[in-house]
Amino acid sequence: MHCRPFFGFLVLFCASCLSINAIAQQKNDCDPIEVKAEVVKTESSANASIILKFEKNNQSKYRVILSHGNDPWKIAESGVTEFHNLKSGLYEVYVIDKNGCNKQFNLKIN
């Protein structure tokens, strides 16, 4: 008698695992996001800029999120490839295309 609720839970749990696995497999079909990042620092300022250059010059199809410690995220809409007035530290860069495919990398500003 007590096995029926557990069996129902097990069936639902396994079904959700299969759907999560299918989504993960679908994301493996993504084209690689090819981007180069450059850190530019001027002598007159303690801050720097990060400039992203996308291969195939097609930056309009990407959204970029820049994260630095506890600071608020900087989110750039499609076509924006530069972040200015950044203080020193480690930055995480997330690039997401229109299909949800993504690339993550880190940059350090000294």
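From a predicted model like this one, the values you see are computed outputs, not experimental measurements.

What counts, and where the lines are drawn
Residues numbered from 1 in each chain as written. Predicted model: local features only at pLDDT ≥ 70, side-chain atom pairs only at ≥ 80, totals over all residues. Heavy atoms only, no water. Helix = DSSP H or I, 4+ residues; strand = E, 2+ residues; numbered from the N terminus. Buried < 20%, exposed > 50% of the residue type's maximum accessible area, 1.4 Å probe, protein only. Contact = heavy atoms within 4.5 Å. Areas by Shrake-Rupley, 256 points an atom, 1.4 Å probe, with all protein chains shown as cover. Core = buried A, V, L, I, M, F, W, Y, C linked by side-chain atoms within 4.5 Å. Pairing = 2+ DSSP bridges. Axes fitted to C-alpha atoms, helices over the stretch in contact; angles between N-to-C directions.

1. Describing the overall build of the protein
Helix and strand content of the protein: one helix and seven strands. The burial tally for the protein puts 25% of its 110 residues in the buried class. The long-range fraction of contacts in the protein, counting pairs at least 24 apart against all pairs at least 6 apart in sequence, stands at 42%. Per element, the accessible surface of the protein, about 8200 Å² overall, is 55% carbon and sulfur.

2. As for the nonpolar core
Most often, soluble globular proteins keep nonpolar side chains buried together rather than apart. Among the nonpolar cores identified, the biggest contains 18 residues, and Ile50, Leu52, Phe54, Val64, Val93 and Val95 are the most heavily contacted of them. Among the secondary structure elements, those contributing two or more residues to this core are β2 (48-54), β3 (62-67), β5 (82-86), β6 (89-97) and β7 (102-109). No other element matches β2, which puts four residues into this core.

3. A look at the sheet that holds β5
Read across the sheet, three strands follow the order β1-β2-β5 without closing on themselves; strand pairing throughout is antiparallel. Bordering the open sheet on either side are β1 (35-41) and β5, each of which pairs with just one other strand. Averaged over all pairs of adjacent strands, the angle between strand axes in this sheet comes to 15°, irrespective of strand direction. Pairing of β1 with β2 involves seven bridges; the strand directions are antiparallel. Counterpart to lysine 36 in the pairing with β2 is lysine 53.

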